[in-house]
Amino acid sequence: MIAFLYSSVGFGGGSSYIALLFISSISYKLIPSLALICNLIVVTGGAIHYIRKGHLNWKFILPFILTSMPMAYWGGSIPIEKDLFKLLLGFFLFLAGLRMILFNKNKDDYSDCSLPPIYASIALGAGLGFASGLVGIGGGIFLSPILFNLRWGKPKQIAAICCLFIFFNSIAGLVGQIQKINDFTLLFNYWPLLIAVFLGGQLGSFIGVVKLKPRLVEMGTAFLVLMVSSRILFF
């Protein structure tokens, strides 16, 4: 269901995967890796779609990717105690939930949009990449409102860059996270989850954009993320 909902509005769903995995019985050391794998499964199809449709401006996206990937790897490779992980996870999930509730895309004319300054792309890519790798999310959920609010790119360009941002961050963060797992083959035990995410993601990409209102989907997932983040932080 999460894969279906998030793929229908162009995201991977990492924040919700990691939230629900955390309140289950799964070891917290495996959670970021599983969430990032789920992210990759969902956004790969979207990345291929945007490339084929020609919505990618490589001059736009490269500064973000080139700085976010090494930082996502570094964040993912840092060992974190469970209590600190819980605090960071709850904090970032709370921000993600607030972002979905408070941020609404303007439906103005985007003719005055421009590419972000190179220094801003580098700083944003590095900061969001590190935070994403640290807790196991893709980071697109934070990048998207920043780009929209500053009018750095048209809607389809922003959707494309966020999809690719999630894709490459998830790869880099996953490599870093796996290095902390003594036996990464434990991840194979969760193959039914990966199949479910694949099916939900494909269905969401195919049907969701047409049948569901993106704002309604965002609000529903926002309340889910806020509820889980509150449970992580306060219980």
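Our structure is the block above this text.
Residues numbered from 1 in each chain as written. Predicted model: local features only at pLDDT ≥ 70, side-chain atom pairs only at ≥ 80, totals over all residues. Heavy atoms only, no water.

### A few points about a nonpolar patch on the surface
Point 1. Together, Ile51, Trp58, Leu62 and Leu66 make up an exposed nonpolar region whose accessible area comes to about 410 Å².
Point 2. With 3 residues, helix H4 (residues 58–77) is the largest single contributor of residues to the nonpolar patch.
Point 3. Structurally, Leu66 can be placed in helix H4.
Point 4. On the basis of relative accessibility, which here comes to 60%, the residue Leu66 falls in the exposed class. (Patch = residues over 30% accessible without salt bridge, like charges linked within 9 Å, V, L, I, M, F, W, Y side chains within 5 Å. Areas by Shrake-Rupley, 256 points an atom, 1.4 Å probe, with all protein chains shown as cover. Salt bridge = Lys/Arg side-chain N within 4 Å of Asp/Glu carboxyl O. Helix = DSSP H or I, 4+ residues; strand = E, 2+ residues; numbered from the N terminus. Buried < 20%, exposed > 50% of the residue type's maximum accessible area, 1.4 Å probe, protein only.)

### Brief notes about the environment of Gly13
Point 1. Mapped onto the secondary structure, Gly13 falls in the loop between helix H1 (2–8) and helix H2 (14–22).
Point 2. Taking the C-alpha atoms as reference points, Gly13 and Leu36, 23 residues apart in sequence, are found 9.3 Å from one another.
Point 3. Apart from residues no more than four positions distant in its own chain, Gly13 is found in contact with Ile2, Tyr6 and Asn39. (Contact = heavy atoms within 4.5 Å.)

### Considering helix H6 (residues 118–135)
Point 1. When the terminal C-alpha atoms of H6 are compared, their 26 Å separation across 18 residues agrees well with the 26 Å that a helix rising 1.5 Å per residue should span.
Point 2. Every buried residue of H6 is listed here: Ala120, Ser121, Leu124, Gly125, Ala126, Leu128, Gly129, Ala131, Ser132, Gly133, Leu134 and Val135.
Point 3. Here the buried face of H6 lies against H2, helix H3 (31–53), H4, helix H5 (82–102), helix H7 (140–149) and helix H8 (155–178).
Point 4. Immediately beyond the C-terminal end of H6, within one or two residues, lies Gly136, with a positive phi of roughly 95 degrees. (Expected span 1.5 Å × (residues − 1).)

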